[in-house]
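Here is what each chain is made of, one letter per residue.
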Amino acid sequence: MIKKFFIVTLLVVGLLINSQALAAKPKASSDVSYTAPITLYWLAKSGVPEAVEYVQYIDAEKILKPENISQYERVERINKIYQEIRYASLNDYIESENYSNVLDLGCGVSPRCLNMARRGINYVGTDLADVVEVLNFYTPNFLKNDTRKFVRFAVADAANHEEMMNSAKSFKGKICIVEEGLLMYLSRDQQKAMLESIRDILKKHGGAFVTSDFVAGQIFMNINRTIYGDEDSMVVAKETQKVYEDLSHIFFSETIFRTEAEAVKFIEDAGLKVEMRPILTNPSKIISIRDLNSRDIESMNNLMQQKLLWVITVD
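Reading guide: rules and limits
Residues numbered from 1 in each chain as written. Predicted model: local features only at pLDDT ≥ 70, side-chain atom pairs only at ≥ 80, totals over all residues. Heavy atoms only, no water. Helix = DSSP H or I, 4+ residues; strand = E, 2+ residues; numbered from the N terminus. Buried < 20%, exposed > 50% of the residue type's maximum accessible area, 1.4 Å probe, protein only. Contact = heavy atoms within 4.5 Å. Areas by Shrake-Rupley, 256 points an atom, 1.4 Å probe, with all protein chains shown as cover. Salt bridge = Lys/Arg side-chain N within 4 Å of Asp/Glu carboxyl O. Axes fitted to C-alpha atoms, helices over the stretch in contact; angles between N-to-C directions. Left-handed = near helix turned anticlockwise from the far one by under 90°. Phe/Tyr/Trp six-rings, centres within 6.5 Å; stacked < 30°, edge-to-face > 60°. Pairing = 2+ DSSP bridges.

## A short note on the overall build of the protein chain
What the protein chain contains, in helices and strands, is twelve helices and nine strands. Across the 315 residues in the protein chain, those meeting the buried criterion constitute 55%. Within the protein chain, contacts between residues separated by at least 24 positions form 77% of all contacts whose residues are at least 6 apart in sequence. Carbon and sulfur atoms form 49% of the exposed surface of the protein chain, whose accessible area is close to 13800 Å².

What follows is the structure in structure tokens.
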């Protein structure tokens, strides 16, 4: 798999003895372009509690550089809603289906590990080795002793079959595999390898692979148009795309699927099948839409009932 630009190499200094918090803020390496801290930043801006905890140790604004974004206020407004909806939709599905095991692919610095652990759900986050090293160091400091046991991180390249299979071997019972924001950074061959590994994990353990990545652009633009209308939404969309492409040096036009039918065929060719579900069954959970006017809140609620969450299982 490509060297994921969203890898976070944090320099963490000092722990207070017997403390539950880090003594000093971690610093992100300056020689790697990241997007994971930016996603965390949007989630914290939206008010997601566990994201607010995490983000204080990651100076995302030094990576994002708001002063370099011409439409920053509008970009922030849309992205915090978009990221919170996607994040909450996966958590909501896990809860609604009573999963006790979650495998999070390319987890980066997602605060989902805290959310899952505090609900007594076994969580394994996968990423590359330098990310896992850092996550193993600082994540326990956010959790109480009785919840730390629910979280583990595993080194796993999403395109490496052996590593993917090993990441799931500790689970007993069916697994909810989730992935949020990784797909568009993988080539078609890497995406194919990832789906084949997911298929084999599900055959062995049972469960489902759940993501909105195959229609992420549709979700983003639906939110964008609701807030800004057709003309202004295109300006904000282009600025957002520029932010991520400047950080990653990847052009998403080369990795995204053009149509839902194309994506469905790609999934089915890997021996999997797709069921579309509403993106979110309980829109009232979304913090970032609460300051919208009543008309826009109604539009957002309608949007979240659209079947844009893909539940993928073994054919």
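Next comes the rest of the description.
## Considerations on the pattern of salt bridges
Within the structure shown, the criterion is met by 17 salt bridges. Between Arg119 and Glu95 there is a salt bridge whose closest N-O contact spans 3.9 Å. Residue Arg119 is found in the loop between α5 (112-117) and β4 (122-127), and its partner Glu95 is found in helix α4 (residues 72-96); the two are separated by 24 residues along the sequence. Overall, the relative accessible area of 34% leaves Arg119 in the partly exposed class. Of the charged contacts, one joins Asp296 and Arg295 as a salt bridge, the two residues approaching to 3.5 Å between their closest N and O atoms. Residue Arg295 is classed as exposed on the basis of its relative accessible area of 59%. Put simply, Asp92, Glu95, Arg119 and Lys285 are held in one network by salt bridges that share partners.

## Describing the packing of helix α8 (residues 161-168) against helix α9 (residues 188-205)
At their nearest, the axes of α8 and α9 sit 9 Å apart, and the two run at 35° to each other. You can see that α8 and α9 cross each other, and the crossing is right-handed. In this structure, α8 contributes His161, Met164, Met165 and Ala168 to the contact, and α9 contributes Met194, Ser197, Ile198, Asp200, Ile201, Lys204 and His205.

## Some words on the packing of aromatic side chains
By the definition in use, this model includes nine aromatic pairs. Ring centres of Tyr82 and Phe220 lie 5.2 Å apart, and the angle between their planes is 90°; on these two criteria the pair is classed as edge-to-face. Of the two residues, Tyr82 is situated in helix α4 and Phe220 in helix α10 (residues 216-248); the sequence distance between them amounts to 138 residues. Accessibility expressed as a relative area gives 9% for Phe220, which makes it buried.

## Brief notes about the sheet that holds β4
The seven strands are arranged β5-β4-β3-β6-β7-β9-β8 in an open sheet whose pairing can be described as mixed. Both edges of this open sheet fall to β5 (151-155) and β8 (272-278), since each of them pairs with a single strand only. The mean inter-strand angle of the sheet, taken between neighbouring strand axes irrespective of direction, is 25°. The sheet contact formed by strand β6 (residues 175-179) and strand β7 (residues 207-211) spans four bridges and is parallel. Bridge assignment links Ile177 to a residue of β7, and that residue is Phe209. Along the sheet, helix α11 (residues 260-269) makes contact with β8 and β9 (307-314), crossing β9 at roughly 15°.

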